[in-house]
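# A look at the structure
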Amino acid sequence: MRRPKALLGTSLWALVVGALAFIWVFPLLWAFTTSLRPPGQLGSQIASLWVHHPSLANFKEAWADAPFLRLYYNTAVVVFGILGIQLITITLAAYAFARQEFWGRELLFRLFLLQLMVAPAALIFPNFQTVKSLGLLNTRLGIMIPYFASAFGTFLLRQTFRAVPRDLEDAASIDGCTTLQTIWNVFLPLAKPTLVAFSIVSVVYHYNEFLWPLIITDTDRARTVTVGLASFTQSAESGAQWNLIAAGTVIVILPLLVIFILFQRRFVESFMFSGLKG
Amino acid sequence: MAQQTGAPRVATGTAAPIRTTKRVRRRVRMQPYLFLLPSLVFLATFTYYPILFSLRLSLYQASATVAHPTFVGLRNYTALWADPIFRQVVANSFEFLAGTVPVTMALSLTLAMLLNRAHFLTTPFRTAFFYPTLLPLIGAAAIWLFVYTPGYGLMDVYLHRLVGGGINWLGSPTLALPVVMILTIWKNAGYYMLFYLAGLQTIPAELFEAGRIEGASWWRQFQAITWPLLGPTTLFVLVIASISAFQSVDQIWLMTSGGPDNRTNLLLFFIYLVGFQFFDLGKAATLTVFLLAVLMAIAALSFGFLERRIHYEV
């Protein structure tokens with residue numbers, strides 16, 4: 001009696017959730033199939049997911065229309081530059097907050113906390129003025145510099161550092177390790193999962209960021225992929241060249257999607273973890 | 001002379017150790033500040049200073065064409081209040097908040113409950129809802145721009161029979177904002193779903209077991225167990241969703257540019273327009289102060305909660 005009922009329930013579940021999931025992936029599927037549709041095949045067919053003669057012609061044209069290599073390069077420099085500096089600043093600050101006693105610790109901690117509420121996005125206008133007076137407009141450094149300190153990363157890592165056993169730290173200092181050596185040899189290896197989680201979230205966030213790099217750059221010299229895609233889309237939209245827009249979008253979203261599919265578990269866990277501790 | 005008197009002092013057996021311990025102690029006391037210094041330099045330059053800068057500049061009339069800003073007191077604030085576009089923008093922003101946050105949260109909670117079970121389809125389903133989190137909002141907006149294209153966009157083609165074709169979704173004053181909201185909900189639901197999944201996994205299964213033995217209905221169990229125990233998660237998601245709603249801008253930039261007739265003009269986009277298209281620096285600073293005040297208010301509402309999390313969570 002019970003089993004057929006459960007089976008029916010599961011089938012219904014799969015059907016309903018599956019239908020919803022299909023709605024969720026539809027835009028992505030559409031972008032992929034349309035990017036493969038030969039330039040001639042437009043009209044009403046464009047909304048279908050079936051492609052008669054798939055071709056890479058759109059990618060060729062999109063690749064020629066925008067300097068994607070340059071944009072990728074800029075994005076890679078920006079994303080990994082931010083991450084590299086962040087890992088240094090958050091490690092030092094997290095250690096101080098987790099393991100050291102000093103005057104003003106509470107106050108400084110609250111000052112860090114402020115960055116969680118006042119996200120850099122809200123400060124685009126004043127920060128633009130600062131970057132401008134530093135002479136960093138149209139540079140990759142100008143895009144990166146507001147993100148070099150991360151309150152979020154500091155909190156994440158502080159929690160992890162607090163869980164490191166005192167004995168290990170004491171053993172290291174008895175062996176003659178300096179504080180920095182202790183951090184390097186004891187704390188960082190134990191914090192690897194946190195560091196990976198923070199790195200994934202940071203890279204995804206800065207790869208996808210748009211408005212800040214947009215206002216900091218007005219040439220392709222330092223532009224990132226998102227800014228390139230936006231101007232590309234605007235020029236192609238006026239001509240209703242949807243296969244071209246789709247190809248450009250696929251070029252931009254593909255790197256992260258491929259890495260995500262390869263390391264799905266890690267990504268999902270990282271984002272989950274970031275919220276739990278953030 | 002100085003060298004001669006200095007040398008023996010160092011050489012004496014009693015003075016030297018005192019000196020070194022003093023130095024060590026001072027170094028240890030200085031060390032935390034040195035460790036915080038790199039972060040503090042950047043926080044000071046790009047978080048604390050810009051807040052003060054905006055507060056100060058908001059008291060001046062300043063534009064790109066005027067060489068010397070003139071002090072005008074609170075006139076920027078009164079002018080802002082009198083500005084019908086600003087009122088429209090504030091109304092839009094709250095409408096956007098009210099239209100996206102509760103729906104996204106309800107949807108993500110529902111998805112989490114539906115996907116909190118062991119089945120071979122669970123992982124692919126979760127992936128399907130989560131992947132928009134990883135897309136750049138500007139790329140997602142580019143795709144959705146097509147979805148809403150009149151004539152042959154997906155909406156028109158697939159909803160043709162239901163609503164009739166030829167609707168100019170993004171050009172309509174009544175539809176444009178809801179249409180942007182739909183994209184935003186689609187983009188964020190899977191992200192918040194993760195938090196709810198994590199929250200659900202902390203609820204002991206025995207509680208549901210007990211509920212079932214007592215003969216509690218599904219809805220009763222939800223009311224008595226799931227919802228109260230997910231309280232902290234709900235509050236947390238509410239805060240980050242609200243903060244992110246007030247910072248929505250990329251999709252506006254690409255899809256509507258704030259139009260038609262400012263119907264989709266949201267706060268951060270308005271700051272972008274005023275500061276970087278109209279070059280009204282005093283007004284942009286005033287708007288920034290306003291946005292900061294809104295974000296601070298959200299933070300203040302949740303502060304007790306956040307503080308508890310950060311201080312006592314292990």
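Residues numbered from 1 in each chain as written. Chains lettered and ligands numbered in written order. Predicted model: local features only at pLDDT ≥ 70, side-chain atom pairs only at ≥ 80, totals over all residues.

### Quick word on the overall build of chain B
On a plain count of helices and strands, chain B comes out with 16 helices and 2 strands. Looking at the 314 residues of chain B, the share that counts as buried comes to 39%. Of all intrachain contacts in chain B linking residues separated by at least 6 positions in sequence, the fraction that spans at least 24 positions is 67%. (Helix = DSSP H or I, 4+ residues; strand = E, 2+ residues; numbered from the N terminus. Buried ≥ 20, exposed ≤ 12 C-beta atoms within 10 Å, placed from the backbone. Contact = placed C-beta atoms within 7 Å.)

### Considering the nonpolar core
Counting residues in hydrophobic clusters, the biggest one holds 160 residues, and the most contacted among them are Ile124 of chain A together with Ala141, Met193, Leu268 and Ile271 of chain B. The greatest single-element share of this core, amounting to 15 residues, is contributed by helix H9 (residues 176-201) of chain B. Setting aside anything within four residues of it in sequence, one finds methionine 193 of chain B in contact with Ser108, Leu111, Ala112, Phe129 and Phe130 of chain B. (Core = buried A, V, L, I, M, F, W, Y, C linked by C-beta atoms within 7 Å.)

### Looking at the interface of chain B and chain A
Size of an interface: often given as the accessible area lost when the parts come together. With 69 residues of chain B at the contact, the number on the chain A side is 69 residues. Secondary-structure elements contributing two or more residues to the side of chain B that touches chain A are helix H2 (15-57), helix H5 (122-130), helix H6 (137-147), helix H7 (154-158), H9, helix H13 (250-255), helix H14 (267-276) and helix H15 (281-301) of chain B. For the side of chain B that touches chain A, the leading source of residues is H2 of chain B, giving 18 residues. For the side of chain B that touches chain A, the class distribution of residues is 55 nonpolar, 11 polar and 3 charged. (Nonpolar A, V, L, I, M, F, W, Y, C, P; charged D, E, K, R; others polar.)

### Some words on the domain arrangement of chain B
The domain boundaries assigned to chain B delineate domain 1 (2-57) and domain 2 (83-312). Listed per partner, the contact involves 4 residues of domain 1 of chain B and 6 residues of domain 2 of chain B. (Domains from an automatic or database assignment.)

### Focus: helix H4 (residues 105-117) of chain A
Helical periodicity: at 3.6 residues per turn, an α-helix aligns residues three or four positions apart in one direction. Taking 1.5 Å of rise per residue, 13 residues should cover 18 Å, and H4 of chain A covers 19 Å from first to last C-alpha, within 8% of that figure. Leu108, Phe112, Gln115 and Met117 of chain A are the residues of H4 of chain A that are buried. (Expected span 1.5 Å × (residues − 1).)

### Focus on H15 of chain B
Over its 21 residues, H15 of chain B runs 30 Å from end to end, which matches the ideal 30 Å to within 8%, given 1.5 Å per residue. Inspection of H15 of chain B places Leu281, Gly282, Lys283, Ala284, Ala285, Thr286, Leu287, Thr288, Val289, Phe290 and Leu291 of chain B among the buried residues, and these make up the whole buried set.

### Digging into the packing of helix H4 (residues 84-114) of chain B against H9 of chain B
Residues and elements named next belong to chain B. Axis separation between H4 and H9 bottoms out at 6 Å; the angle between their running directions is 40°. When the axis of H4 is compared with that of H9, the two are oblique. Once H4 is placed against H9, the crossing between them reads as right-handed. Its residues placed into classes, the contact of H4 with H9 shows 18 nonpolar, 7 polar and 1 charged. (Axes fitted to C-alpha atoms, helices over the stretch in contact; angles between N-to-C directions. Parallel < 35°, antiparallel > 145°, perpendicular 65-115°, else oblique. Left-handed = near helix turned anticlockwise from the far one by under 90°.)

### Side note on the environment of asparagine 138 of chain A
Residue and element names in this part refer to chain A. Its place among the elements puts asparagine 138 in the loop between helix H5 (124-133) and helix H6 (140-144). With 79 residues separating them in the primary sequence, asparagine 138 and phenylalanine 59 have C-alpha atoms 28 Å apart. With sequence-adjacent residues up to four places away left out, asparagine 138 is seen in contact with Thr217, Asp218, Thr219, Arg221 and Ala222.

### Considering unusual backbone geometry
Residue and element names in this part refer to chain B. Look at aspartate 261: it is not a glycine, yet its phi comes out positive at around 55°. For aspartate 261, the position within the fold is in the loop between H13 and H14. Its 11 C-beta neighbours within 10 Å are what place aspartate 261 among the exposed residues. Backbone geometry at asparagine 262 places phi at a positive 65°, although glycine is not the residue there. Assignment of secondary structure puts asparagine 262 in the loop between H13 and H14.

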